[in-house]
Amino acid sequence: MATTLSMTMISFVRDGLPSSLGTTVAPPCRAASHLTPRAFATARRQGLAVPRAAPVARSNEASKQTYNDAGDHRHGGSEAMSHRRSFLFSSAAVLAGTGSALFSQVGSAKAGEQFDKYQDVKEDIKALIKADMDKGPTLVRLAWHSSGTYDKMSKTGGSGLGTIRFQDELAHGANAGLSTAVGWLEPIYAKYNGGISYADLYTLAGVTAIETLGGPKVGWRAGRLDAMDPSAVTPDGRLPAADKGSPEDTAKHLRSIFGRMGFNDQEIVALAGAHALGRGHVNYSGYDGPWTFTPTRFNNAYFDLLLRLEWVPQTTKAGNAQFTDEKTKTLMMLPSDLVLIQDPSFKKFTEMYATDNAKFLKDFSKAFQKLEELGTSNLKSVTLP
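Okay, so let's go over this structure.

### A closer look at the overall build of the protein
And step 1. A tally of helices and strands in the protein yields 14 helices and twelve strands.
And step 2. For the protein, with 385 residues in total, the buried portion stands at 61%.

### Topic: the sheet that holds strand β10 (residues 321–325)
And step 1. Spatial ordering of the open sheet is given by β9-β10-β11, a layout of three strands whose pairing is antiparallel. Each edge of the sheet is formed by a strand with only one pairing partner; in this case those strands are β9 (311–315) and β11 (332–333).
And step 2. The pairing of β10 with β11 spans two bridges and is classified as antiparallel. Counterpart to T324 in the pairing with β11 is M332.
And step 3. Sheet contacts for helix α12 (residues 335–342): β9, β10 and β11; angle to β10, the most-contacted strand, approximately 65 degrees.

### Points about the packing of helix α8 (residues 198–212) against helix α14 (residues 357–373)
And step 1. Where α8 meets α14, the closest approach of the two axes is 11 Å, and the angle between their N-to-C directions is 170 degrees. Relative to α14, the element α8 is oriented roughly antiparallel. α8 and α14 meet at a crossing whose hand is right-handed. Mapping the contact onto sequence places T203, G206, V207 and I210 in α8 and F364, F368 and E372 in α14.
And step 2. In terms of residue class, the contact of α8 with α14 is built from four nonpolar, two polar and one charged.

### Things to note about the environment of K217
And step 1. Relative to the elements of secondary structure, K217 occurs in the loop between α8 and β6 (221–222).
And step 2. Not counting residues up to four positions away in its chain, the partners in contact with K217 are K122, E211, S365, L384 and P385.
And step 3. Of note is the side chain of K217, whose polar atom sits 2.5 Å from the backbone oxygen of L384.

### A few points about the packing of aromatic side chains
And step 1. Evaluated as defined, the whole model comprises 15 aromatic pairs.
And step 2. On the basis of an interplanar angle of 65 degrees and a centroid distance of 6.2 Å, the ring pair of F258 and F263 is categorised as edge-to-face. A single burial state applies to F258 and to F263, both of which are buried.
And step 3. Each ring, one from F360 and one from F364, has its centre 5.9 Å from the other, and the planes form 50 degrees; the classification is tilted. With F360 and F364 both in helix α14 and four residues apart, the pair spans about one turn of that helix.

### Looking at the packing of helix α4 (residues 118–131) against α8
And step 1. Packing of α4 against α8 leaves a shortest axis separation of 9 Å and a crossing angle of 55 degrees. By the angle between their directions, the pair α4 and α8 is classed as oblique. Here α4 runs over α8; the crossing is right-handed. In this structure, α4 uses Y118, V121, K122, I125, K126, I129 and K130 to contact α8, whose residues at the interface are D200, L201, L204, A205, T208, A209, E211 and T212.

### Considering unusual backbone geometry
Leaving glycine out, the prevailing phi sign among residues is negative, and the prevailing peptide bond configuration is trans.
And step 1. Phi is positive for N193, which is not a glycine, with a value near 55 degrees.
And step 2. Relative to the helices and strands, N193 is located in the loop between α7 (178–191) and α8.
And step 3. Its relative accessible area of 71% is what places N193 among the exposed residues.
And step 4. Its identity as a non-glycine residue notwithstanding, N378 has a phi of 60 degrees, on the positive side.
And step 5. In this fold, N378 is placed in the loop between α14 and β12 (380–381).

### Let's talk about the nonpolar core
It is characteristic of soluble globular proteins that their nonpolar side chains tend to be buried jointly.
And step 1. Core analysis: the largest hydrophobic core is formed by 80 residues, its most contacted members being I125, L185 and F368.
And step 2. For this core, the leading source of residues is α8, giving eight residues.

### Section: the side chain of T212
And step 1. Tracing the chain through its elements places T212 in helix α8.
And step 2. Those residues within four positions of T212 in sequence are excluded, and the remaining contacts are K126, I129, K130 and M133.

Conventions we followed
- Along each chain, numbering runs from 1 in the same order as the chain's sequence is written.
- Only residues with pLDDT of at least 70 get local features here, since the model is predicted, and only at 80 or more are side-chain atom pairs given and counted; chain-wide, interface and lining totals rely on the full set of residues.
- To obtain the side-chain values, all non-hydrogen atoms of the structure were used and water was disregarded.
- By definition, any uninterrupted DSSP run of H or I lasting at least four residues is a helix, any uninterrupted run of E lasting at least two residues is a strand, and each is numbered from the N terminus.
- Each residue's exposure class comes from its accessible area (1.4 Å probe, protein chains only) as a fraction of the maximum for that residue type: buried when under 20%, exposed when over 50%, partly exposed otherwise.
- Pairing between strands requires that DSSP locate at least two bridges from one strand to the other.
- In this analysis, two residues are considered to be in contact whenever any of their non-hydrogen atoms come within 4.5 Å of each other.
- Axis geometry follows a simple rule: fit a line to the C-alpha atoms, using only the stretch in contact for helices, then measure angles between N-to-C directions, giving values from 0 to 180 degrees.
- Working rule for angles: under 35 degrees goes down as roughly parallel, over 145 as roughly antiparallel, 65 to 115 as roughly perpendicular, anything else as oblique.
- For a crossing to be left-handed, the near helix must be turned anticlockwise from the far one by less than a right angle; the clockwise case is right-handed.
- Think of it as three bins: nonpolar holds Ala, Val, Leu, Ile, Met, Phe, Trp, Tyr, Cys and Pro, charged holds Asp, Glu, Lys and Arg, and polar takes everything else, Gly as well.
- Whenever two N or O atoms come within 3.5 Å, that pair is a polar contact, provided that in protein one can donate a hydrogen and the other can accept it, and provided that, for residues adjacent in sequence, both atoms are side-chain atoms.
- Only the six-membered ring of Trp is used, alongside the rings of Phe and Tyr, when aromatic pairs are assigned; centres must lie within 6.5 Å, and planes under 30 degrees apart are stacked while those over 60 apart are edge-to-face, with the rest tilted.
- Side-chain atoms within 4.5 Å are what join buried Ala, Val, Leu, Ile, Met, Phe, Trp, Tyr and Cys residues into a set we call a nonpolar core.

Here you go:
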């Protein structure tokens, strides 16, 4: 699952990111063959990401909840309570891509306070991506989806608690396939012995992937504290859907979802640009194909192609309506992508970014940092060359 905003980054990396933008997906996680039934059941009860088998194809309404195919695109208690609730389930070995990882729930509420190896972590993430560039879009999607659940009214959700590692949240429709990306990062988490929180690791992975794939340097700050159990997971349905039946209803939906987080029309369009990365995978999201000809290169190509090519209706093998370019029939756009040129307010920003890559990169960087910091507090600046 490698190349991937899932708008779902929009997911925008979906099956793998960006919330939706889309990414090439690696083989799905599956339970390690040596796990005993009792150990497996214990892992499941604790919310660990130990899927039983590969996901099946999704279609109809379920798949429409994954606006982010880009990858196909919250607070600890006292230290004493943290120690009582922390645990290491070392038997929950999960295969992710080509390697296995131990999914632990270890994470002190103090994680990160004295940690000074963020640059080392960033280098490890870069190495992971450079070894397989298709993983980059999926990591963008993971960061997007872990952040895009924020609700400014209830002040719940967002990246601050690292809850996307729990099976309860990975089971949300828009997060199909993201257990793989969680698995890729587990060895890095283990390497630093919990010095970095999962919440910081996932968001750092997102900004590192964007930069490694040629995108802008996105500001990033540390200090998120992991939730110790799945009770902090927000309800399913907070990420953008790919289609609401008509351009008008889809545009209304996007404004509702992003407005809940505090984003305006320009920021919605800027974040949608993450669909330059990755692709949709029909077996995860029900949508199929890359948005651009360069799915591992971050630039304004998504906007250029959206405006310049002729897009015609297409039905995927899962039965979902999408669009393909009339000339090559190798690219894909979601109904929620086409809305960016059908809605007059969205279209003016799409046109602006299509002709000014520097403006797009600047605005995306600002919007993505805002996305990753929604609902967080007491973050600290760190130096990351």
